[in-house]
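Structure assessment
The primary structure of each chain is shown beneath.
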Amino acid sequence: MTSISWTGFSKKTPQERLEHLQSNALLSPEDKTILESASLPLATANQMAEHVIGTLSLPFALAPDFQVDGSIYHLPMVTEEPSVVAAASFAAKLIKRSGGFKTHIHQRLMIGQVALYDISDKDNAHQTILTAKENLINMANQAHPSIVKRGGGARDIWCEDKEDFLIVYLSVDTQEAMGANMVNTMMEALVPDLEIMTQGKSLMAILSNYATESLVTAECTVDLRFLSRDKDQAHRLAQKMELASQLAQVDPYRATTHNKGIFNGVDALVLATGNDWRAIEAGAHAYACQDGHYRGLSQWHYDQEAQKIKGKLTLPLPIATKGGSIGLNPSVVAAHDILGNVNARTLARLIASLGLAQNFAALKALTSTGIQSGHMKLQAKSLALLAGAKEEQVPTLVKQLLQEKHLNLETAKQLLAKLS
Ligand code: HMG
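What counts, and where the lines are drawn
Residues numbered from 1 in each chain as written. Predicted model: local features only at pLDDT ≥ 70, side-chain atom pairs only at ≥ 80, totals over all residues. Heavy atoms only, no water. Pairing = 2+ DSSP bridges. Helix = DSSP H or I, 4+ residues; strand = E, 2+ residues; numbered from the N terminus. Axes fitted to C-alpha atoms, helices over the stretch in contact; angles between N-to-C directions. Contact = heavy atoms within 4.5 Å. Near = heavy atom within 4 Å. Polar contact = N/O pair within 3.5 Å; in protein donor to acceptor, adjacent residues only side chain to side chain. Areas by Shrake-Rupley, 256 points an atom, 1.4 Å probe, with all protein chains shown as cover. Nonpolar A, V, L, I, M, F, W, Y, C, P; charged D, E, K, R; others polar. Domains from an automatic or database assignment. Buried area = accessible area lost by both parts, 1.4 Å probe. Left-handed = near helix turned anticlockwise from the far one by under 90°. Patch = residues over 30% accessible without salt bridge, like charges linked within 9 Å, V, L, I, M, F, W, Y side chains within 5 Å. Salt bridge = Lys/Arg side-chain N within 4 Å of Asp/Glu carboxyl O. Buried < 20%, exposed > 50% of the residue type's maximum accessible area, 1.4 Å probe, protein only.

Taken in spatial order, the 4 strands line up as E3-E8-E10-E9 in an open sheet, and their pairing is antiparallel. Edge positions in the sheet fall to strand E3 (102–105) and strand E9 (298–303), since each has one partner strand and no second. The mean angle between the axes of side-by-side strands here comes to 15 degrees, regardless of whether they run parallel or antiparallel. Here E3 runs beside strand E8 (residues 215–223); their pairing, made up of 4 bridges, is antiparallel. By the bridge assignment for E8, Lys102 is matched with Glu219. Along the sheet, helix H9 (residues 231–250) makes contact with E9 and strand E10 (308–316), crossing E9 at roughly 150 degrees. Contacting E3, E8, E9 and E10, helix H13 (residues 344–366) runs over the sheet at an angle of about 45 degrees to E8.

Okay, here's the thing in structure tokens:
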């Protein structure tokens, strides 16, 4: 595979970027037209939600050249926040030079639950359910036979006694789908038999977004020489990045921001690929406090002997490449095409890698220059536009803004008034 040059990609216009992708066979003419038109047809939007009166557009960007498990991917990112894509691209470059990301899929199963209550003998009910395990799994599969034909289906059933409830859990291989409808159908199909078996009542039957059986780990190492050309400075920075990682383990205020930085990347790719970001966020935040304390989802360790900093991020990622609105939104279809129409497992590997890259860039900035210098350099463009600058005034206003001590909307407005 010949490698593609991305030098100067950030300096190109959107049109030139599209042409760059097309000339490198990374974008079909159809997808180019979709991205140029930048719109979700109103008629399609009206099929996706209720009471539709319009659509809302967001920037669709590309973080190129991620090396994940030995292959190269270019990651579509949908985000409204300046500096996120720059940071991801920057981190991807350093991590590729250090050997790229290595990922591991622990499992890929979704979990559904039926919460039963008003059971007089929970031990007996528990035992009855376990004895009928095979039957219940068959019953769940009969409720959704198409997933069994595709090689998926219900895999295991277990119960937990929690205060007033006996909760029945079912794990399901949903193949390429996220599987919410599939799992909900299965769980509802089990309710009548579970109620008879336990002599209890069902409160609800629903998929759980705490996807502890869909864990994905991404790891990377970054050679010290990429942190700074100055050896001592690189050493100090690596020490501080490790400390920053420890801080996110002990302080929930910091852990929340640390994880927000990870989600800058995760959400952008989840959104671009038409996945349910609320489900991913809810699951990951629950996972972040699995031991009762909310902690950073990633950890960094400075290996002084190897002269490397090593990062690791594990996330529950019940990601889909089929189902939901994925086939409906043309820009989402284009995002999957750009990714090479990878399967759900690979997409989950890429999302975890992007989250780790984003976290690396944020921690490096935070423990060296501080976040404001890089972030605000790119935020200045938004401030100029917000202040009302015309497109041709933006470059001059940004230049002037960056020389100011207080980079805010007021300053942008004052400078613009002088320019106009
Ligand atoms: P820099 O060293 O000034 O960048 O860092 P540079 O100008 O030397 O460029 C280096 C590379 O960065 C470029 O390579 C690009 O890959 C990328 P090149 O293409 O030149 O060979 N890059 C860009 N890519 C696209 N468009 C651009 C652009 N500029 C650089 N305009 C950088 C600048 C922003 C990368 C760095 O300061 C950084 O990573 N900062 C972190 C920014 C960040 O995390 N932003 C998220 C918002 S803040 C937040 O929400 C999260 C946070 O609170 C999380 C936490 O607390 O953990 C921070």
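Let us keep going from here.
Moving on to the site of the ligand. In the neighbourhood of the ligand, 24 residues make up the surrounding shell, with Ser83, Lys93, Arg254, Lys260 and Asn264 lying closest. One of the side-chain nitrogen or oxygen atoms of Ser83 is found 2.7 Å away from a nitrogen atom of the ligand. A distance of 2.7 Å separates an oxygen atom of the ligand from a polar atom in the side chain of Lys260. Burial of the ligand by the protein chains amounts to 72% of its free accessible area of 1,100 Å². For the shell around the ligand, the elements supplying multiple residues, two or more each, are helix H4 (84–97), helix H10 (252–272), H13 and helix H14 (371–386). Split by residue class, the shell around the ligand holds 10 nonpolar, 9 polar and 5 charged.

The next subject is the domain arrangement of the chain. The accessible area lost on association of the parts is a frequent measure of interface size. By the assigned domains, the chain splits into domain 1 (9–106 + 220–370), domain 2 (110–208) and domain 3 (373–419). For domain 1 versus domain 3, the distance between C-alpha centres works out to 27 Å. Of the roughly 420 Å² buried between domain 1 and domain 3 on both sides combined, carbon and sulfur atoms contribute 57%. The largest per-residue losses of area from domain 1 upon contact with domain 3 belong to Pro82, Ser83 and Thr369, which jointly make up 75% of the total buried on that side.

Now for the pairing of E9. With 6 bridges connecting them, E9 and E10 associate as antiparallel partners. Across the sheet, the residue bridging to Ser298 is Leu313, located in E10. Counting the residues in the hairpin turn of E9 and E10 gives 4 residues, including Gln307, whose phi is positive at 55 degrees.

Axis separation between H9 and H10 bottoms out at 6 Å; the angle between their running directions is 115 degrees. In this structure, the crossing between H9 and H10 has a hand that is left-handed. Touching Ser245, Leu247, Ala248 and Val250 of H9 are Pro252, Arg254, Ala255 and His258, all from H10. Each residue belonging to the contact of H9 with H10 can be placed in one class, and the counts come to 5 nonpolar, 2 polar and 1 charged.

What follows is about a nonpolar patch on the surface. A surface patch of nonpolar side chains, about 260 Å² in accessible area, is lined by Leu203, Met204 and Ile206. One can find Leu203 in strand E7 (residues 201–208). Residue classification places Leu203 among the partly exposed positions, given a relative accessible area of 47%.

Let's shift gears to the sheet that holds strand E4 (residues 110–117). Pairing in this open sheet of 4 strands is antiparallel, and the strands run E5-E6-E4-E7 from one edge to the other. The open sheet has two edge strands, strand E5 (153–162) and E7, and neither has a second partner. Going from strand to strand, the sheet's axes swing by 20 degrees on average, the running direction of each strand aside. The sheet contact formed by E5 and strand E6 (residues 165–173) spans 9 bridges and is antiparallel. Looking across to E6, one finds that Glu160 is bridged to Ile167. The strands touched by helix H5 (residues 122–131) are E4, E5 and E6; relative to E6, the strand with the most contacts, the crossing angle is about 20 degrees. The strands that helix H6 (residues 133–143) touches are E5 and E6; relative to E5, the one it contacts most, it runs at about 125 degrees.

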